[in-house]
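Survey of secondary and tertiary structure
Here are the chains, one letter per residue:
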2 protein chains.
Amino acid sequence: MTDAQDRSSNTVANACERCSVRHRAMCAAVDFDHLGALEQIVSHRQFAPGQSIFDESEPADYVYNVSNGDVRLYKLLADGRRQITGFLRPGDFLGLVKQDTYAYGAEAIDAVELCCMRIVDLERLLREMPAVRDRLLDMSRDELAAAQEQMLLLGRKSAREKVLSFLLLRARHDLDLDEAESAALDLPMSRSDIADYLGLTIETVSRTFTSLKEEGLIDLPSAQHVVLPNIEAVEAAASAD
Amino acid sequence: MTDAQDRSSNTVANACERCSVRHRAMCAAVDFDHLGALEQIVSHRQFAPGQSIFDESEPADYVYNVSNGDVRLYKLLADGRRQITGFLRPGDFLGLVKQDTYAYGAEAIDAVELCCMRIVDLERLLREMPAVRDRLLDMSRDELAAAQEQMLLLGRKSAREKVLSFLLLRARHDLDLDEAESAALDLPMSRSDIADYLGLTIETVSRTFTSLKEEGLIDLPSAQHVVLPNIEAVEAAASAD
DNA sequence: CGAGCTGTTGACATTGCTCAAATTTCGTGG
DNA sequence: CCACGAAATTTGAGCAATGTCAACAGCTCG
């Protein structure tokens, strides 16, 4: 809501070459020699917490990569009910288009920095560098697999299983290698975001956190900090497929 | 379960040139001159109603296009709960892979004929014909948008809205142009399939059909035949976004 | 004609939602 | 640094939508 940080289209010095998330992003498929060409067509934008990046059905000109911060993607019903379809983190891609309009809305959860590219420039890039197209196809395949996993969660899991699966998903992302026995998570999104992601109400999410804490499956030093002292026990309770 | 029709790998005479769903499938991006090359790497397989096409997590060698019939894609939890992630019809693509294994299971709903291609052959084709890669990227984008729409349905719609949205989805596909005022639908899948697609129980699906019929929103000449006498009224009730 | 599915209907149980209030957290200004 | 107000979170009580269990009906295939 405060737009103190809304310095749209302000080009940031941070070159692609030094980009810390390049290896996780679409740009991983651009070889070192062509990073200059990439740099010429990207710009950076910053968003304050809560600020809208784009709305569903808005005409789509740009695609984005998250450089910093957390983003929520969502779809709305006419009466305001909201479904969050994904949380994005640095390195993730957004800007899926359906006939020149965005297929979902996107908002900054915390302070967000995006790397932006005009869709027309992206298309030229794709023509020149087929490897980037492969990379995009791989990324959308992963996204699709994640979406199907989420359908399983939304359609068939209990509130308790939903919350546990969500925590495990965050834990696995943070750990990357799942060798650790325990994990400490930071949840930048609100209970309301979590509820709309899991198809629950905020009250049910809150109650579920409380009862998991009482059971000793998790610890809650604060509302946004969750500790999983025993990941295996959480996995067993989450009805992992 | 009867595998009378399981004549795997039996090559069918029906050439790509005469394929009735080519324009809707991945193959639409193959130009006429290269259809011969396509034909050399595809084969056909037939499946009886209920027969498994592949299981989730099975090693993936082939990708498929549906030539005929209806297919269900699903994911399972350890205790047997099932989420159907999509119903496929002629022209649709299946065989999404995640690290060389299928990301979901697939079964024939009725008599199904598939057009099959080894993944290694597909990859060669992609190298030779970049347009096919574009086509695949477009198709997975559409699939992703559909998956997000389904998340909205699963997470945020009531049983009644879910059933109505499902009927509208089928109606829109059948009509293609949404100019008609009414529609007659054929539902090849069972109530159990519909329930597992919508995140409901068969009883709730059945009760919802009955009450929609009592309200006059739909007509049910038989369990698999649904008539929507007034599509606009259905849209209004479905909480269309 | 009877067995076995699939679908429908009924009675009841339960999960998760709604509404409401208490509590905690956090930013702002004095 | 502390006080205040707004917002987010938690907790409580009651309820409604949907699930569970059971019986019944209708259809299909031997």
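Residues numbered from 1 in each chain as written. Chains lettered and ligands numbered in written order. Predicted model: local features only at pLDDT ≥ 70, side-chain atom pairs only at ≥ 80, totals over all residues. Heavy atoms only, no water.

What follows is about the overall build of chain A. If you tally the helices and strands in chain A, you get seven helices and 13 strands. Taken along its principal axes, the extent of the C-alpha atoms in chain A is 55 × 45 × 35 Å. With 241 residues in all, chain A has 52% of them scored as buried. Once local pairs closer than 6 in sequence are excluded, the contacts in chain A between residues at least 24 apart make up 70%. Total accessible area on chain A stands at roughly 11200 Å², and carbon and sulfur atoms take up 48% of it. (Helix = DSSP H or I, 4+ residues; strand = E, 2+ residues; numbered from the N terminus. Buried < 20%, exposed > 50% of the residue type's maximum accessible area, 1.4 Å probe, protein only. Contact = heavy atoms within 4.5 Å. Areas by Shrake-Rupley, 256 points an atom, 1.4 Å probe, with all protein chains shown as cover.)

Moving on to the nonpolar core. Inside soluble globular proteins, nonpolar side chains tend to come together where they are buried. Leu94, Leu167 and Phe209 of chain A together with Leu94, Leu167 and Phe209 of chain B are the most contacted members of the largest nonpolar core, which has 157 residues in total. If we skip the residues at most four places from it in the chain, phenylalanine 209 of chain A touches Val163, Leu167, Leu187, Arg191, Ile194, Ile218, Leu220 and Val226 of chain A. (Core = buried A, V, L, I, M, F, W, Y, C linked by side-chain atoms within 4.5 Å.)

It is worth spelling out the sheet that holds strand 10 (residues 112-118) of chain A at this point. Residues and elements named next belong to chain A. Taken together, four strands build an open sheet; the order of strands is 1-10-3-6 and the sheet is antiparallel. Since the sheet does not close on itself, it has two edges, and those belong to strand 1 (42-47) and strand 6 (93-94), each with one partner. As defined by bridge partners, strand 1 adjoins strand 10 across six bridges and the pair is classed as antiparallel. If you follow arginine 45 over to strand 10, its bridge partner there is leucine 114. Along the sheet, helix 2 (residues 119-128) contacts strand 3 (62-68) and strand 10; its crossing angle with strand 10, the most-contacted strand, is approximately 65°. (Pairing = 2+ DSSP bridges. Axes fitted to C-alpha atoms, helices over the stretch in contact; angles between N-to-C directions.)

Working definition: two side chains of opposite charge can pair if their charged atoms are close together. On inspection of all chains with the given rule, the structure shows 36 salt bridges over all chains. One salt bridge in this structure joins aspartate 138 of chain A and arginine 141 of chain A, with 3.7 Å as the shortest N-O distance. A residue pair is termed a helical-turn pair when its members lie 3 or 4 positions apart in one helix, as aspartate 138 of chain A and arginine 141 of chain A do in helix 3 (residues 130-156) at three residues. A residue is classified by how much of its surface remains accessible, and aspartate 138 of chain A, at 39% relative accessible area, is partly exposed. The shortest N-O distance in the salt bridge between aspartate 193 of chain B and arginine 82 of chain B comes to 2.9 Å. (Salt bridge = Lys/Arg side-chain N within 4 Å of Asp/Glu carboxyl O.)

Neighbouring residues of DNA strand D: 14 residues in total, closest Arg191, Ser206, Arg207 and Thr210 of chain A together with Thr204 of chain B. Counting only the atoms of DNA strand D that lie within 4 Å of the protein, the sugar and phosphate share comes to 63%. Separating a base nitrogen of DNA strand D from a side-chain N or O atom of glutamate 203 of chain B is a distance of 2.9 Å. Arginine 207 of chain B is positioned with one of its side-chain polar atoms (N or O) 2.9 Å from a base oxygen of DNA strand D. Breaking the surface near DNA strand D down by element, the ones donating at least two residues are helix 6 (202-215) of chain A together with helix 6 (202-215) of chain B. Among the elements that take part in the surface near DNA strand D, helix 6 of chain A stands out by supplying four residues, more than any other. Looking at the surface near DNA strand D residue by residue, the classes come out as two nonpolar, seven polar and five charged. (Near = heavy atom within 4 Å. Polar contact = N/O pair within 3.5 Å; in protein donor to acceptor, adjacent residues only side chain to side chain. Nonpolar A, V, L, I, M, F, W, Y, C, P; charged D, E, K, R; others polar.)

Now for the relation of the copies chain A and chain B. Turning chain A through 180° and shifting it by 0.0 Å along the axis lays it on chain B, with an RMSD of 0.0 Å. Such values leave the two copies arranged in the relation of a two-fold axis. A shared binding surface is used by both copies, with 100% of the interface residues of chain A retained as interface residues in chain B. (Least-squares fit on C-alpha atoms with pLDDT ≥ 70 in both.)

In this section: the sheet that holds strand 13 (residues 225-228) of chain B. Residue and element names in this part refer to chain B. Spatially, the three strands line up as an open sheet ordered 11-13-12, and their pairing is antiparallel. Only two strands of the sheet have a single neighbouring strand rather than two, namely strand 11 (183-186) and strand 12 (219-222). The mean angle between the axes of side-by-side strands here comes to 25°, regardless of whether they run parallel or antiparallel. Judged from the four bridges that link them, strand 11 and strand 13 form a sheet pairing that is antiparallel. The residue of strand 13 that forms the bridge with alanine 183 is leucine 228.

What follows concerns the domain arrangement of chain A. Residue and element names in this part refer to chain A. In terms of domain boundaries, chain A breaks down into domain 1 (16-153) and domain 2 (158-237). With centres defined by C-alpha atoms, the gap from domain 1 to domain 2 works out at 26 Å. In this complex, domain 1 contributes 14 residues to the contact, which on the side of domain 2 involves 15 residues. Of the roughly 1300 Å² buried where domain 1 meets domain 2, counting both sides, 50% is carbon and sulfur surface. Taken as a group, Phe87, Arg89 and Leu153 account for 49% of the area that domain 1 buries against domain 2, more than any other trio of residues on that side. Where domain 1 meets domain 2, there are five salt bridges. Viewed at the interface, domain 2 and domain 1 are joined by nine residue pairs in polar contact (both at pLDDT 80 or more). Mapped by element, the contributors of at least two residues to the side of domain 1 that touches domain 2 are strand 5 (82-88) and helix 3. (Domains from an automatic or database assignment. Buried area = accessible area lost by both parts, 1.4 Å probe.)

Turning to the protein's contact with DNA strand C, a few remarks are in order. In the vicinity of DNA strand C lie 15 residues, with Ala159 and Thr204 of chain A together with Arg191, Arg207 and Thr210 of chain B positioned nearest. Near the protein, meaning within 4 Å, the atoms of DNA strand C are sugar or phosphate in a fraction of 63%, with bases accounting for the rest. Within the contact set of DNA strand C, a base nitrogen lies 3.0 Å away from a side-chain nitrogen or oxygen of glutamate 203 of chain A. Broken down by secondary-structure element, the contributors of at least two residues to the surface near DNA strand C are helix 6 of chain A together with helix 6 of chain B. Its residues assigned to classes, the surface near DNA strand C comprises two nonpolar, eight polar and five charged.

Residues and elements named next belong to chain A. Buried residues dominate helix 5 (residues 191-198), accounting for seven of its eight residues. Residues of helix 5 that are buried: Arg191, Asp193, Ile194, Ala195, Asp196, Tyr197 and Leu198. Where helix 5 terminates, the next one or two residues include glycine 199, which has phi positive at roughly 70°.

Moving on to the packing of aromatic side chains. Residues and elements named next belong to chain A. Counted under the stated rule, the structure contains 14 aromatic pairs over all chains. Between phenylalanine 87 and phenylalanine 166 the ring centres are 6.2 Å apart and the planes differ by 55°, which places this aromatic pair in the tilted class. Of the two residues, phenylalanine 87 is situated in strand 5 and phenylalanine 166 in helix 4 (residues 159-175); the sequence distance between them amounts to 79 residues. Pairwise contacts between aromatic rings join Phe54, Tyr62, Tyr64, Tyr102 and Tyr104 into one cluster. (Phe/Tyr/Trp six-rings, centres within 6.5 Å; stacked < 30°, edge-to-face > 60°.)

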